Amino acid sequence: MYCTKCGVNNPVGATYCTGCRNLLGADGLVQPLQGQQNPILEEPVSVKEWLLLFLLLLIPIAGLVMLFVWGFGKEEKRSKANYCKAYLIYLAITTALVIMLYVAMFVFVFALAGSAQHW
Ligand SMILES: [Zn+2]
């Protein structure tokens, strides 16, 4: 493997460069990973961005679409993406609860109607 600092060819599996004593494991393997991570994605989301997010969430269907776009988009800030994912989970739970409530109400109403016929 070639050293990223001085370009000397080192034996495979070497920890330190024979030319400059540079740590090969850290520079050769960790740096490309750090390069893939966009530092902008780790920055806090600005007040303006949050306001825009809340404004768009007020629009029924577009808001839901944006939650998916932001929640699973690679170019979105991580805190914003996490918020969108949490919001989607919250929406799924509340929707399920509302559906269950309606089903329970229907069952109750039909049970009442059924028992009323016997009187
Ligand atoms: Zn070197």
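Residue indices begin from 1 for each chain and proceed along its sequence in written order. In keeping with the predicted nature of the model, local features appear solely for residues at pLDDT of at least 70, side-chain atom pairs appear and are counted solely at 80 or more, and the whole-chain, interface and lining totals rest on all residues.

Enquirer: Help me understand unusual backbone geometry in this model?
Expert: Negative phi is the rule for most residues except glycine; trans is the rule for most peptide bonds. Even without being glycine, Arg-21 reaches a positive phi, approximately 60°. Strands here are runs of E lasting at least two residues and helices are runs of H or I lasting at least four, both read from the DSSP assignment and numbered beginning at the N terminus. Checked against the element boundaries, Arg-21 lands in the segment before helix 1 (24–36).

Enquirer: Explain the confidence of the model for the chain here, please?
Expert: If pLDDT is low for a region, its predicted coordinates should not be looked at in detail. For the chain, per-residue confidence averages 85 on the pLDDT scale, and residues scoring 70 or more make up 87% of the total. Per-element confidence in the chain is highest for helix 4 (residues 78–116), whose mean pLDDT is 94, and lowest for helix 1, whose mean pLDDT is 52. pLDDT is a per-residue confidence score from the predictor, ranging from 0 to 100. Whether two residues are in contact depends on their C-beta atoms, placed from the backbone: they are in contact if these lie within 7 Å. When the criterion is pLDDT under 50, residues 27–35 qualifies, and its contacts beyond four places in sequence or with other chains add up to six contacts.

Enquirer: Explanation requested: helix 4 in the structure shown.
Expert: An α-helix turns once per 3.6 residues; consequently, residues spaced three or four apart project the same way. When the terminal C-alpha atoms of helix 4 are compared, their 57 Å separation across 39 residues agrees well with the 57 Å that a helix rising 1.5 Å per residue should span. To assign burial, the other C-beta atoms lying within 10 Å of each residue's own C-beta are counted, with C-beta atoms placed from the backbone; 20 or more indicates buried, 12 or fewer indicates exposed, and intermediate counts indicate partly exposed. By the criterion of burial, helix 4 is predominantly exposed, with just one of the 39 residues buried. In this analysis, the expected span of each helix is defined as 1.5 Å times one less than the number of residues it contains.

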